[in-house]
Amino acid sequence: VQLQASGGGLMQTGGSLRLSCATSGRSISSYAMGWFRQGPSNEREFVASIGWNGVGQDYADSVKGRFTISRDTAKNTIYLQMNNLKPEDTAVYYCALDRMDHRSGSKSRLEYYYWGQGTEVTVSS
């Protein structure tokens, strides 16, 4: 199983980016998935998750109302639409696949088994 995250880049405050995470080796239609991020001096923190059936989206309070997680099962890909970006959103963003099938998404890193390599997002003020 491989996850390939992409779409990061440099953006000014208030701008938008869309991250993608393409999965191979397993169908995402039966698995919850999540996005996490890690800043220069922070632990890897939860950003957003989506349940195995594509519903039950959950967000960190810091991104609620600005970020949207979605998925396209035909492309076996999840997305993170990030709007109204802030400097504090600067981080490496990681996508992750649940360790078990047919579950709701989780805020805990421990519930995810497969991880992408990360894509870097930098937001300038």
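Residues numbered from 1 in each chain as written. Predicted model: local features only at pLDDT ≥ 70, side-chain atom pairs only at ≥ 80, totals over all residues. Heavy atoms only, no water.

1. Here's the deal with the sheet that holds strand S3 (residues 17–24)
Formally: Two strands form a pair only when DSSP identifies at least two bridges running between them. To qualify as a helix, a DSSP run of H or I must reach at least 4 residues; to qualify as a strand, a run of E must reach at least 2; elements of each kind are numbered from the N terminus. All axes here are fitted lines through C-alpha atoms, helices being fitted over the stretch that makes contact, and every angle between N-to-C directions spans 0 to 180 degrees.
An order of S1-S3-S8-S7 is seen for the four strands of this open sheet, with the pairing classed as antiparallel. Of all the strands in the sheet, just strand S1 (2–6) and strand S7 (67–72) have a single pairing partner and so form its edges. Sheet twist, expressed as the mean angle between neighbouring strand axes with direction ignored, is 15°. Note that S7 and strand S8 (residues 77–82) share six bridges and pair antiparallel. Each residue of the ladder has a partner; that of Ser70, found in S8, is Tyr79.

2. Let's talk about unusual backbone geometry
We count it as follows: Any residue under 20% of the maximum accessible area for its type is buried, any over 50% is exposed, and the rest in between are partly exposed; the area is computed with a 1.4 Å probe on protein chains only.
Of note, Asn84 is a non-glycine position whose phi angle comes to about 50°, a positive value. Mapped onto the secondary structure, Asn84 falls in the loop between S8 and strand S9 (91–98). Within the chain, His102 stands out as a residue other than glycine whose phi angle is a positive 55°. Position of His102 relative to the elements: it lies in the loop between S9 and strand S10 (112–115). Residue His102 is classed as partly exposed on the basis of its relative accessible area of 44%.

3. Observations regarding the packing of aromatic side chains
Heads up, the condition is: Aromatic pairs are defined between Phe, Tyr and Trp rings, using the six-membered ring for Trp, whenever the two ring centres lie within 6.5 Å; interplanar angles under 30 degrees are classed as stacked, those over 60 as edge-to-face, and all others as tilted.
In total, this model carries five aromatic pairs according to the counting rule given. Where Phe36 meets Phe46, the ring centres are 5.8 Å apart and the plane angle is 75°; that geometry is what we call edge-to-face. Taken as a pair, Phe36 in strand S4 (residues 33–38) and Phe46 in strand S5 (residues 45–50) lie far apart in primary sequence, ten residues in all. The pair Phe36 / Phe46 is uniform in exposure class, with both members buried. Members of the aromatic cluster, connected to one another through ring pairs, are Phe36, Phe46, Tyr112 and Trp115.

4. Quick notes on the state of the cysteines
Short version of the rule: Throughout, disulfides are identified as pairs of cysteine sulfur atoms within 2.5 Å of each other.
Taken as a whole, this structure holds one disulfide when the rule is applied. There is a disulfide in this structure between Cys21 and Cys95, and the S-S distance comes to 2.1 Å. Looking along the S-S bond of the Cys21-Cys95 disulfide, the torsion reads about 65°, which is the right-handed sense. With Cys21 in strand S3 and Cys95 in strand S9, the pair connects residues that are 74 residues apart, well separated along the chain. Comparing Cys21 with Cys95, the two get one shared label, buried.

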